[in-house]
Amino acid sequence: MVDRHVRRAADLVARDPVGTFWEYVFTEFAFTPNVIVAAPLPAGATLDITVTGGAVTRVGEIVMGRDTPVGTTVAGTGLGLVDYSVKQRDEWGGLYIVPRPVTRTVSLAFQVPLEGAARVQSIMERVSSRLAVFYAGEGVDLWGTTVAGILRDYDLTLGHAICDGRAEVESLA
């Protein structure tokens, strides 16, 4: 008989390590902005999501889909922002700003064996112009590299045994 119940737990609130009582009292809690739970579900399984906590507990979005590993994340992954605000100066040098949304960008650097290059190309074609969740790896989002968004650009340089790739991703908001 196949177990159709998959259980995973994720702590959404954490506190940086503290060394003194003052730090314990006055250090703010950090909230985990993104939780990736890679849990393959067997056919016919039921997914129950339970969020527990106090009055401030909220879930912004739940995205479900197929977890498709592309390669191994390597050094060189970068973070950025695109600011859509309008900034103009008048003839006296005064600055006028019309605040608009900011989107996060992540440049994911990865490597893949040469024999996997065609597979990676196929994956990137499939997610092009579609909403997807891009992340460096399960449990490694300390730096904010998880993005629910769109693939802006992608390239893969073929090597003798290893291919170096880069995926430029932009968040929805």
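Just so we're clear, the structure is a prediction, and the values are computed from it rather than from any experiment. (Residues numbered from 1 in each chain as written. Predicted model: local features only at pLDDT ≥ 70, side-chain atom pairs only at ≥ 80, totals over all residues. Heavy atoms only, no water.)

Student: How do you make sense of the overall build of the protein when you look at a structure like this?
Tutor: Scanning the protein from N- to C-terminus turns up two helices and ten strands. A burial count over the protein gives 18% of its 173 residues as buried. By element, 56% of the accessible surface of the protein is carried by carbon and sulfur atoms, the whole surface being about 12900 Å². (Helix = DSSP H or I, 4+ residues; strand = E, 2+ residues; numbered from the N terminus. Buried < 20%, exposed > 50% of the residue type's maximum accessible area, 1.4 Å probe, protein only. Areas by Shrake-Rupley, 256 points an atom, 1.4 Å probe, with all protein chains shown as cover.)

Student: Help me understand the pairing of strand E10 (residues 162-171) in this model?
Tutor: Both faces of the sheet carry side chains from a regular strand, because those side chains alternate between them. Direction of pairing for strand E7 (residues 102-113) relative to E10: antiparallel, over a ladder of nine bridges. Across the sheet, Ser-107 pairs through a bridge with Glu-168, a residue of E10. Sheet analysis places strand E9 (residues 147-157) next to E10, joined by eight bridges and oriented antiparallel. Directly across from Asp-153, in E10, lies its bridge partner Glu-168. The loop that links E9 with its antiparallel partner E10 comprises four residues. (Pairing = 2+ DSSP bridges.)

Student: What is the right way to look at a nonpolar patch on the surface in this model?
Tutor: There is a patch of nonpolar side chains on the surface, built from Leu-41, Leu-47, Ile-49, Val-51, Val-59, Ile-62 and Met-64 and spanning about 620 Å² of accessible area. Since its relative accessible area comes to 44%, Val-59 is described here as partly exposed. (Patch = residues over 30% accessible without salt bridge, like charges linked within 9 Å, V, L, I, M, F, W, Y side chains within 5 Å. Salt bridge = Lys/Arg side-chain N within 4 Å of Asp/Glu carboxyl O.)

Student: Just to check I follow, could you spell out the nonpolar core for this structure?
Tutor: Nonpolar side chains in soluble globular proteins tend to end up buried together. In this structure, Phe-110, Val-120, Met-124, Phe-134, Leu-151, Tyr-154 and Leu-156 are the most contacted members of the largest nonpolar core, which totals 19 residues. For this core, the secondary structure elements donating two or more residues are E7, helix H2 (117-127), strand E8 (132-134), E9 and E10. With five residues, H2 is the single largest residue contributor to this core. With near-sequence residues (within four places) excluded, Tyr-154 lies in contact with Phe-110, Val-120, Gln-121, Met-124, Arg-166 and Ala-167. (Core = buried A, V, L, I, M, F, W, Y, C linked by side-chain atoms within 4.5 Å. Contact = heavy atoms within 4.5 Å.)

Student: Explain the pairing of E7 to me, please; I cannot follow it from the model alone.
Tutor: Note: strand E3 (residues 72-73) against E7, two bridges, orientation antiparallel. What sits directly across from Thr-72, in E7, is Gln-111. By the bridge criterion, six bridges tie strand E4 (residues 78-83) to E7 in an arrangement that is antiparallel. When the sheet's bridge partners are listed, Gly-80 is paired in E7 with Thr-105.

Student: Could you clarify how one ought to interpret unusual backbone geometry in this entry?
Tutor: Backbone geometry follows two general trends: most residues other than glycine have a negative phi, and most peptide bonds adopt the trans configuration. Despite not being glycine, Ser-129 has its phi angle at roughly 65°, a positive value. Here Ser-129 is to be found in the loop between H2 and E8. On the basis of relative accessibility, which here comes to 69%, the residue Ser-129 falls in the exposed class.

Student: What's the story with H2 in this structure? I'm lost.
Tutor: Looking only at H2, the buried set comprises Ala-117, Val-120, Ile-123, Met-124 and Val-127. The buried residues of H2 occupy an angular sector of 120° when projected down its axis, which confines them to one face. Projecting away from the buried face of H2 at angles above 90 degrees are the exposed residues Ala-118 and Glu-125. Those residues of H2 hidden inside the fold are in contact with E7, E8, E9 and E10. Looking one or two residues beyond H2, the residue adopting positive phi is Ser-129, at roughly 65°. (Arc of directions from axis to C-beta.)

Student: What is the right way to read the side chain of Glu-170 from this model?
Tutor: Topologically, Glu-170 is positioned in strand E10. Since its relative accessible area comes to 10%, Glu-170 is described here as buried. Among the polar contacts listed, one links the side chain of Glu-170 to the side chain of Tyr-84, at a separation of 2.6 Å. Residue contacts for Glu-170: discarding those within four places in its chain leaves Val-82, Tyr-84, Thr-103, Arg-104, Thr-105, Val-147, Gly-149, Ile-150 and Arg-152. (Polar contact = N/O pair within 3.5 Å; in protein donor to acceptor, adjacent residues only side chain to side chain.)

Student: What's the story with the pattern of salt bridges in this structure? I'm lost.
Tutor: Note that side chains of opposite charge can pair when their charged atoms are close. For the coordinates displayed, the defined rule picks out two salt bridges. One salt bridge in this structure joins Lys-87 and Asp-83, with 3.2 Å as the shortest N-O distance. Ionic pairing is found between Glu-170 and Arg-152, a salt bridge with its closest N-O pair at 3.2 Å. Of this pair, Glu-170 sits in strand E10 while Arg-152 sits in strand E9, and the two are 18 residues apart along the sequence. Arg-152 gets classed as partly exposed once you look at its relative accessible area, which sits at 44%.

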